[in-house]
Amino acid sequence: MAGTAGRAAMAMRAGHQASAGELLELVRSGRATTRGALQQATGLSRATVGQRLDRLFRAGWLREGAGGPVGSPQGGRPSITLEFDDEHAVVLAADLDTRHGRAAVVSLSGEIQAEHHGSLRIEDGPDAVLGELGRWFAELLEKAGQRADAVCGIGIAVPGPVDTDTGKVVQPPIMPGWDGYDIRGRLGRAFAEHAGIESAGGATGAGVTRSGARIPVLVDNDANLMAYGEQRTGYPDCSAFALVKVSTGIGAGMVVGGSIYRGVDGGAGDIGHIRVGADALCRCGSYGCLAAVASGGAVARRLAESGVPATSGSDVRDLLTAGHPEAMALAREAGRQVGDVLATVVTLLNPGVLMIAGDLAGTPFLTGVRELLYQRALPRSTAHLDVVTSRLGERAGLVGAGALVVEYLYAPERVEERLAALGV
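Residues numbered from 1 in each chain as written. Predicted model: local features only at pLDDT ≥ 70, side-chain atom pairs only at ≥ 80, totals over all residues. Heavy atoms only, no water.

What is the right way to look at the overall build of the chain in this model?
The helix and strand tally for the chain stands at 15 helices and 15 strands. Burial status across the chain gives 53% buried among its 424 residues. Across the chain, the fraction of contacts at a sequence separation of at least 24, relative to all contacts at a separation of at least 6, is 59%. Within the structure as shown, the chain displays about 18300 Å² of accessible surface, and the carbon and sulfur contribution to it stands at 48%. (Helix = DSSP H or I, 4+ residues; strand = E, 2+ residues; numbered from the N terminus. Buried < 20%, exposed > 50% of the residue type's maximum accessible area, 1.4 Å probe, protein only. Contact = heavy atoms within 4.5 Å. Areas by Shrake-Rupley, 256 points an atom, 1.4 Å probe, with all protein chains shown as cover.)

I keep staring at the side chain of Asp222 and nothing clicks. Help me out?
Residue placement: Asp222 occurs in helix H7 (residues 222-234). Overall, Asp222 belongs to the buried group, its relative accessible area being 6%. Here Lys245 takes part through its side chain, which lies 2.8 Å from a polar atom of the side chain of Asp222. (Polar contact = N/O pair within 3.5 Å; in protein donor to acceptor, adjacent residues only side chain to side chain.)

Mind showing me how you'd approach the packing of helix H2 (residues 20-29) against helix H3 (residues 35-42) here?
Any two packed helices are characterised by how steeply their axes cross, that is the angle between the axes, and by the distance between the axes. Packing of H2 against H3 brings their axes to within 11 Å, and their N-to-C directions diverge by 115 degrees. Of the two elements, H2 crosses H3, and the hand of that crossing is right-handed. Judged by residue contacts, Leu23, Leu26 and Val27 of H2 engage Leu38, Ala41 and Thr42 from H3. When the residues that make up the contact of H2 with H3 are grouped by side-chain class, the tally is 5 nonpolar, 1 polar and no charged. (Axes fitted to C-alpha atoms, helices over the stretch in contact; angles between N-to-C directions. Left-handed = near helix turned anticlockwise from the far one by under 90°. Nonpolar A, V, L, I, M, F, W, Y, C, P; charged D, E, K, R; others polar.)

Explain unusual backbone geometry to me, please; I cannot follow it from the model alone.
For residues that are not glycine, phi is negative in most cases, and the peptide bond is trans in most cases. Even without glycine at this site, Gln171 takes up a positive phi of about 45 degrees. Residue position: Gln171 is located in the loop between strand S8 (168-169) and helix H6 (183-195). We classify Gln171 as exposed; its relative accessible area is 64%. Phi angles above zero are rare outside glycine, and Asn350 is one such case at about 55 degrees.

In this structure, what is going on with the environment of Ala334? I would like to understand it.
Mapped onto the fold, Ala334 is located in helix H11 (residues 325-349). Each C-alpha atom of the pair Ala334 and Val293 lies 7.2 Å from the other, and the pair is 41 residues apart in sequence. When sequence neighbours within four positions are dropped, the list of residues in contact with Ala334 reads Ala294, Val299, Leu360 and Phe365.

I would appreciate a short explanation of the nonpolar core in the present structure.
The nonpolar side chains of a soluble globular protein tend to be buried, and buried together. Core analysis: the largest hydrophobic core is formed by 52 residues, its most contacted members being Leu38, Leu56, Phe241 and Tyr410. The next biggest cluster of nonpolar side chains, apart from the first, holds 40 residues, and it includes Ala268, Ala310, Val338 and Leu366. (Core = buried A, V, L, I, M, F, W, Y, C linked by side-chain atoms within 4.5 Å.)

Explain the pattern of salt bridges to me, please; I cannot follow it from the model alone.
Scanning the entire structure with this criterion turns up 26 salt bridges. Salt-bridge contacts for Arg395 lead to Glu115; the nearest nitrogen and oxygen are separated by 2.7 Å. Linking Arg395 in the loop between strand S15 (386-389) and helix H14 (396-409) with Glu115 in strand S5 (residues 112-119), this pair joins segments that are 280 residues apart in sequence. Close ionic contact of Arg147 with Asp149 constitutes a salt bridge, the shortest N to O distance being 2.8 Å. Within the structure, one salt-bridge network assembled from shared partners comprises Arg102, Glu115, Arg317, Asp318, Asp359, Glu394 and Arg395. (Salt bridge = Lys/Arg side-chain N within 4 Å of Asp/Glu carboxyl O.)

Explain the packing of aromatic side chains here, please?
Aromatic rings in a pair are described by how distant their centres are and how their planes are angled relative to each other. As enumerated under the stated definition, the model contains 4 aromatic pairs in all. Consider the rings of Phe84 and Tyr410, whose centres lie 5.0 Å apart with planes at 75 degrees: the pair is edge-to-face. Of the two residues, Phe84 is situated in strand S2 (residues 80-84) and Tyr410 in the loop between H14 and helix H15 (412-422); the sequence distance between them amounts to 326 residues. Overall, the relative accessible area of 14% leaves Phe84 in the buried class. Geometrically, the ring pair formed by Tyr235 and Phe241 is tilted, given 5.7 Å between the ring centres and 40 degrees between the ring planes. Grouping residues by exposure puts Tyr235 and Phe241 together as buried. By the ring-pair criterion, three or more aromatic residues cluster together here, those being Trp61, Phe84 and Tyr410. It is Arg414 that lies over the ring of Tyr408; its NZ or CZ is 3.8 Å from the centre. (Phe/Tyr/Trp six-rings, centres within 6.5 Å; stacked < 30°, edge-to-face > 60°. Lys NZ or Arg CZ within 6 Å of the ring centre and 35° of its normal.)

Help me understand the sheet that holds strand S14 (residues 353-357), please; the structure alone is not making it clear to me.
Backbone hydrogen bonds hold the strands of a sheet together, and the pairing may be parallel or antiparallel. As summarised here, the arrangement of the 5 strands in space is S13-S12-S11-S14-S15, forming an open sheet in which the pairing is mixed. Here the strands that pair on one side only, and so sit at the sheet edges, are strand S13 (259-260) and S15. Pairing analysis gives 4 bridges linking S14 to S15, with the strands arranged parallel. Across the sheet, residue Met355 finds its bridge partner in S15, namely Val388. (Pairing = 2+ DSSP bridges.)

I'm lost on the environment of Met175 in this one. Help?
Checked against the element boundaries, Met175 lands in the loop between S8 and H6. Ignoring sequence-local partners within four residues, the contact set of Met175 consists of Ile122, Val158, Pro159, Gly160 and Val169.

Which parts of the structure should I look at to understand H15?
Three- or four-residue spacings in an α-helix give side chains the same orientation, since the helix completes a turn every 3.6 residues. For H15, the complete set of buried residues consists of Pro412, Arg414, Val415, Arg418 and Leu419. Buried residues of H15, seen end-on, are gathered within an arc of 155 degrees and therefore sit on one face of the element. The exposed residues of H15 that point more than 90 degrees off its buried face are Glu417, Ala420 and Ala421. Looking one or two places after H15, you find Gly423, whose phi comes out positive at around 75 degrees. (Arc of directions from axis to C-beta.)

Whenever I open this one, the confidence of the model for the chain confuses me. Can you help?
In regions of low pLDDT, the predicted coordinates are not meant to be interpreted in detail. Model confidence for the chain is summarised by a mean pLDDT of 90, while 90% of its residues fall at 70 or above. Per-residue pLDDT, averaged within each element of the chain, yields its smallest value for strand S9 (residues 205-210) (46) and its largest for strand S3 (residues 90-96) (98). Scored below 50 in pLDDT, residues 1-5 shows 12 contacts in the model against residues more than four places distant or in partner chains. The low-confidence segment residues 206-212 (pLDDT under 50) makes 31 contacts with residues lying over four places distant or belonging to another chain. (pLDDT = per-residue confidence, 0-100.)

Here's what the structure looks like:
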């Protein structure tokens, strides 16, 4: 959790009295995991630390672990360690692509407890897609052996730019009918209906109530959440991480300083619509976009024109897996076109890791990316750069969506709000 303990430390240096939420953050980050360590880190008295911890224990968010090492050379009882109780709730996560979806029940520590994937076409519109997703969630909870009231939040990844303040997609090129749609409200109602629980309206979330508290729905771009999931699980010490998803379209997600970088209104990372000088018509209505010539959809069209049956990035992926020579040649060419653009991205961002993910993320495409990237970028920009492929594969978006919800719910300021709502 890069940066979390730092926020608490800055507040304490300014003379701020650490809250229960800040103590929980110190425990979750591993910076202070005993009562004594919390006293030392915060400057609070033993009694005050005990009062703050008591609230967290009563909420069920904290538990005692095994005894730690004896701190004094004279011996004595070992200190009892404190642990975040990751079993007191679960998160629902979903990752939508243009032709299929994936959903899961995820623990607070990021483990997938139950998962489903199947056909779910974005072009069918948000009402139908989110209604079906609500049904999936209800069935997955039963499969995981979890009650509906164990759900503390829902995270969903979508293949378009998102205004995270409202949870609405903004002028998405490949999501017809979704622009400005109330994803939070519709998904909340669908889940409540299929799970058989009470629902209530609300601007900030699903509208599903649990002990009187509204369960939030967080919506973000799929590449952003894939990047977040991959960075947190595989590269937690990387301060500048970039992921490029090449499927039906092309998008990038960036994690800087432990947080997703979205730009001023959620439009950061939309590299698929950088103009590359070609005359191909893009789905956004413009000519010459990178996605129009180098995405999985673009490769599928070129294959279809030569008589190879392919209509989508997933079809191209299957052909690449089978070693189809023309698909491999076109994927390498697409990689070179993307690599040319990524030379600028790498020069600007200077990431430590550049990850290639999505339908085309295989050896031919990666080879093409590396060819042009290392040829066009300055050696200074690539001296400490690792160009890799996905570790989490198709689960990256789910893991990222789950992590986003957990970090939102257990941020210090929100912990205080939730504890007050619980009356502890």
